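Chain residues, written in single-letter form:
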Amino acid sequence: MSPNCILERVATTKSTNDDLLARWRAGELIDPVARIAHQQTSGKGRAGRVWLSNPEDTLCFSLAYPFHKRPNELSGLSLVIGLAAISGIATALGLSEDALHQQGLRLKWPNDLLLNNAKLGGILIEGGQTNPNSPTWMVIGLGLNLRNAALIQKGLEDQSSLGAAALDQLMPHQTPIPDTEFIWLKLIESFEKHLTQFEQYGFSYFKNSWERWDAFNGQSVCISGAGKDPIIGISSGVDDTGALLLERHDKLIAIHAGDVSLRVQS
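I will try to describe carefully the structure that is included in this document.

Reading the values: rules and limits
- Residues numbered from 1 in each chain as written.
- Predicted model: local features only at pLDDT ≥ 70, side-chain atom pairs only at ≥ 80, totals over all residues.
- Heavy atoms only, no water.
- Helix = DSSP H or I, 4+ residues; strand = E, 2+ residues; numbered from the N terminus.
- Contact = heavy atoms within 4.5 Å.
- Pairing = 2+ DSSP bridges.
- Axes fitted to C-alpha atoms, helices over the stretch in contact; angles between N-to-C directions.
- Core = buried A, V, L, I, M, F, W, Y, C linked by side-chain atoms within 4.5 Å.
- Buried < 20%, exposed > 50% of the residue type's maximum accessible area, 1.4 Å probe, protein only.
- Phe/Tyr/Trp six-rings, centres within 6.5 Å; stacked < 30°, edge-to-face > 60°.

Right, let's get into the side chain of Lys207. With respect to the helices, strands and loops of the structure, Lys207 is situated in helix α6 (residues 207–213). With sequence-adjacent residues up to four places away left out, Lys207 is seen in contact with Val238, Asp239 and Asp240.

Okay, here's the thing in C-alpha cells:
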C-alpha cells in the first residue's frame, strides 16, 4: 500500500464511516486513512439500514480517500470497489480470481458481494467536496463476513431477503482463513491500486471486468426504491458510467439511482 496511507485500529466504535466523515467535515484529513474496528455498535448499510456484525466473524473498515475530481466525475466508484474487494480477497486467500468465480463469487449492482446469491459483503460510500478547489473525499466502507454464516444469518432475519455467506466458505475443506489483519491489509492494497486506476481512467476502464462478475446479467430483475415505482426488466450490464442497463419493451434504459433494491424475478 502507499506509504502515506494511515492505518488505524480501534476496539469499538459506532461506525468507522462516521468517524472519518466527521474528520473530513472538520477539515482534518490530509492523507488517506484506513480505519478498522473490532466491533461497530452502529454499523451502517445503504439507505439508512443497519449493518449487523458479530465482532469475531466480520471485518468492518473504512478508507477515506481523496480524489482530484468533482463528485459527479466519480460515477461507478462502488462498482470499482467491488472489483477491488474481489482482487483483495483472492490475494488474501491465496486463490485465483478464476477459482473464486467458479465457486460462485459475484457482484450485485451497485454495492454487494454475493456468494451463490447469499450476501458476503456490502459497500457504503459517502463523502463529497467542501469547496470547488478542495479534493473530493470519499469514505469507502466495507463490511465482510469472515466465518459462521449460519450465525450471521440468524441476526439477519427480517433484515435482508438474501441469505448470509462467509469468506471461509471459499477455502478448501477445513482450511482456516488467514488472520483478519492480513485480509484487511490485502484489501487496502487492492483498494489503493484500483482507486489509482479509477482516478486516471474512469469507470469505463473497468466495465468489461465488472460485467464478468455481474450476478444478474441477462436475468429478469425488479428495481425498486429511490421513492419510485418498481421497474421490471432484463438486466443488461452497465454503461461507461456504471449505470445499470435495463431492457424494457425492446429499449435500454439506464438506472443511475443509488438507492435501489435489485431482486431476481421468479
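So that's the structure; there's more coming.
The subject of this paragraph is the sheet that holds strand β4 (residues 105–108). The seven strands are arranged β1-β2-β3-β7-β6-β5-β4 in an open sheet whose pairing can be described as mixed. On the outer flanks of this sheet lie β1 (6–13) and β4, each paired with one strand and no other. For this sheet, the mean inter-axis angle between neighbouring strands, taken without regard to orientation, is 20°. The pairing of β1 with strand β2 (residues 33–40) spans seven bridges and is parallel. Within β2, the residue paired with Glu8 across the bridge is Arg35. Running over the sheet, helix α5 (residues 180–201) touches β1, β2, β3 (58–67) and β7 (136–145) and is turned about 30° from β3.

The subject of this paragraph is the nonpolar core. Grouped together as the largest cluster of nonpolar side chains are 62 residues, with contacts concentrated most on Leu59, Phe61, Ile89, Leu120, Leu167, Leu187 and Phe191. Examining the composition of this core, we find that 12 residues originate from one element, helix α2 (residues 77–93), more than from any other. Those residues in contact with Leu187 that lie beyond four places of it in its chain are Leu59, Phe61, Ala85, Gly88, Ile89, Leu142 and Leu144. By size, the runner-up hydrophobic cluster in this structure holds eight residues, among which are Leu21, Val33, Ala64 and Trp137.

Relative to the helices and strands, Ala34 is located in strand β2. Spatially, the C-alpha atoms of Ala34 and Leu185 are 9.5 Å apart, while their sequence positions differ by 151 residues. Excluding its chain neighbours within four sequence positions, the residues that come into contact with Ala34 are Cys5, Ile6, Leu7, Glu8, Ser62, Leu63, Trp184 and Ile188.

Take the pairing of strand β10 (residues 244–248) next. Examined bridge by bridge, strand β9 (residues 228–238) and β10 share three bridges and lie antiparallel to one another. Looking at the pairing, Ile234 lines up with Glu247 of β10. Linkage of β9 to β10, two consecutive antiparallel strands, is achieved through a turn of five residues, within which Gly242 is found at a positive phi near 90°. Both β10 and strand β11 (residues 251–255) contribute to a ladder of five bridges, which runs antiparallel.

Time to look at the packing of aromatic side chains. Each aromatic ring pair is characterised by the separation of its centres together with the angle its planes make. Enumeration over the complete set of coordinates arrives at six aromatic pairs. Taken together, a centroid distance of 6.4 Å and an interplanar angle of 70° make the contact between Phe61 and Trp184 edge-to-face. Placement of Phe61 in strand β3 and of Trp184 in helix α5 is noted, with a sequence separation of 123 residues between them. Per residue, the accessibility class of Phe61 equals that of Trp184, and both read buried.

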